[in-house]
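One-letter residues, chain by chain:
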Amino acid sequence: MTIHFIGAGPGAADLITVRGQRLIAESPVCLYAGSLVPRELLEVCPPGARLIDTANLNLDEIIAEMARATGAGQDVARLHSGDPSVFSAVAEQMRRLDEIPIAYDVTPGVPAFAAAAASLGREFTVPSVAQTVILTRTAERATAMPPGEDLATLGASRSTMVLHLAVQRIDAVVAELLPNYGADCPVAVVARASRPDEQIVRGTLADIAGQVRAAGIKRTAVIVVGAALTASQFPDSHLYSTTRCRD
């Protein structure tokens, strides 16, 4: 039996892979984070499926549910918002499953930063403007950041930066990024990307904190910082250049 870690996407129920939806439909047990995973995804679970909201469960309890299901010969669909590869707490679950051992696989999903880029109508890597995207967070109310991964250090490159789990610290984020990016650097905050109640706030490091407070955005948001957000004067990419050599 297998634990299927499935990226459930950023919020819209139809932003899930065909494989992910199929695995949900085939698994008699489904573990999901009730506050983040759209309820519509659970509608494809097989009749009589055991549905377990993990919002109030600790790691030991989650692993116990997985072990109970596989011990009964049942596959498990383990739904995580966004994509399991970033900020999903999948690694600690995999470590426990390896110790038991219980087999698992991973189905990727649409990450929040990609949904935010789509909502903003922007590419985060623009020729001659930004070719690097940094995905990071801040340490408040979470595990400490590793040495060298503070915003001041990461911001030295002036790359496109996407911050998860940080909108509640918007004033501190701005203060840490200002020395490298400058007050006029474009910023966008996208809350609940892809959902019907999505909110988008655009501004600069000089005014974004006030706009976020005025909009009442306090959670489930990403902060995007960098020149790529407003760039208009840049060369065409080499990919479609009329002058590059063709085979």
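Whatever comes next refers back to the structure up there.
Residues numbered from 1 in each chain as written. Predicted model: local features only at pLDDT ≥ 70, side-chain atom pairs only at ≥ 80, totals over all residues. Heavy atoms only, no water.

**Q** Pulling in residues and values, what's your account of the overall build of the chain?
**A** Summing up its helical and strand segments, the chain has seven helices and ten strands in all. Its C-alpha atoms give the chain principal-axis dimensions of about 60 × 50 × 35 Å. In the chain, once contacts between residues fewer than 6 apart in sequence are set aside, the share between residues at least 24 apart is 67%. A total of about 12,700 Å² of accessible surface is found on the chain, and carbon and sulfur atoms cover 52% of it. Charge centroids of the chain, computed over 21 positive and 26 negative side chains, lie 3 Å from each other. (Helix = DSSP H or I, 4+ residues; strand = E, 2+ residues; numbered from the N terminus. Contact = heavy atoms within 4.5 Å. Areas by Shrake-Rupley, 256 points an atom, 1.4 Å probe, with all protein chains shown as cover. Lys, Arg positive; Asp, Glu negative; His and termini not counted. Charge placed at Lys NZ, Arg CZ, Asp CG, Glu CD.)

**Q** Explain the nonpolar core to me, using residue names and the numbers behind them.
**A** Judged by nonpolar contacts, the single largest core of 25 residues is most densely connected at L163, L177, V189 and I223. Put simply, the parts of the chain that give this core at least two residues each are α5 (151-154), β7 (160-164), α6 (170-181), β8 (186-191), α7 (208-215) and β10 (221-225). Among the elements that make up this core, the one with the highest residue count is α6 (five residues). (Core = buried A, V, L, I, M, F, W, Y, C linked by side-chain atoms within 4.5 Å. Buried < 20%, exposed > 50% of the residue type's maximum accessible area, 1.4 Å probe, protein only.)

**Q** So, the side chain of T107: which residues are in play, and what are the values?
**A** Within the fold, T107 resides in strand β5 (residues 103-107). Accessibility expressed as a relative area gives 2% for T107, which makes it buried. Setting aside its immediate chain neighbours within four residues, T107 contacts F5, I6, G7, T17, R19, G20, L23 and P84.

**Q** Give a description of the sheet that holds strand β4 (residues 76-80) that names residues and reports values.
**A** Where strands meet in a sheet, backbone hydrogen bonds hold them as pairs that are either parallel or antiparallel. Taken together, five strands build an open sheet; the order of strands is β3-β2-β4-β1-β5 and the sheet is parallel. Each edge of the open sheet carries a strand with a single partner, namely β3 (50-53) and β5. Strand after strand, the sheet turns through a mean of 20 degrees between neighbouring axes, direction not considered. Sheet topology places strand β2 (residues 29-32) next to β4; three bridges connect them, and they run parallel. Each bridged residue has a counterpart across the sheet, and for L31 the counterpart in β4 is R78. Packing of helix α3 (residues 90-99) onto the sheet brings it into contact with β1 (2-7), β4 and β5, and relative to β1 it is tilted by some 170 degrees. (Pairing = 2+ DSSP bridges. Axes fitted to C-alpha atoms, helices over the stretch in contact; angles between N-to-C directions.)

**Q** So what's going on with the packing of helix α2 (residues 59-71) against α3? Residues and values would help.
**A** The description of two helices packed together rests on the angle between their axes and the distance between the axes. Here α2 crosses α3 at 50 degrees, and the two axes come no closer than 11 Å. The orientation of α2 relative to α3 falls into the category oblique. Both α2 and α3 take part in a crossing whose hand is right-handed. Residues L59, D60, I62, I63 and M66 of α2 pack against E92, Q93, R96 and L97 of α3. (Parallel < 35°, antiparallel > 145°, perpendicular 65-115°, else oblique. Left-handed = near helix turned anticlockwise from the far one by under 90°.)

**Q** Please give an account of the environment of V29 that cites residues and values.
**A** Counting through the fold element by element, V29 comes out in strand β2. As for V29 and A214, which are separated by 185 residues in sequence, their C-alpha atoms are 42 Å apart. The residues touching V29, leaving out its near neighbours within four places in the chain, are R50, I52, A69, Q74, D75, V76 and A77.

**Q** Summarise the sheet that holds β7; cite the residues concerned and give the values.
**A** Read from one edge to the other, the open sheet built from five strands follows the order β6-β7-β10-β8-β9, with strand pairing classed as mixed. Each edge of the sheet is formed by a strand with only one pairing partner; in this case those strands are β6 (133-137) and β9 (199-204). Ignoring strand direction, the axes of neighbouring strands in this sheet form an average angle of 20 degrees. When β7 meets β10, the two strands line up antiparallel, connected through four bridges. Pairing of M161 across the sheet is with V225, part of β10. Contacting β6, β7, β8, β9 and β10, helix α4 (residues 112-120) crosses the sheet at an angle of about 80 degrees to β9.

**Q** How would you summarise the environment of A12 if you had to cite specific residues and measurements?
**A** With respect to the helices, strands and loops of the structure, A12 is situated in the loop between β1 and α1 (18-26). Along the primary structure A12 and R192 are separated by 180 residues, whereas in three dimensions their C-alpha atoms are 9.3 Å apart.

As far as function goes, none of this settles anything; it's purely spatial.
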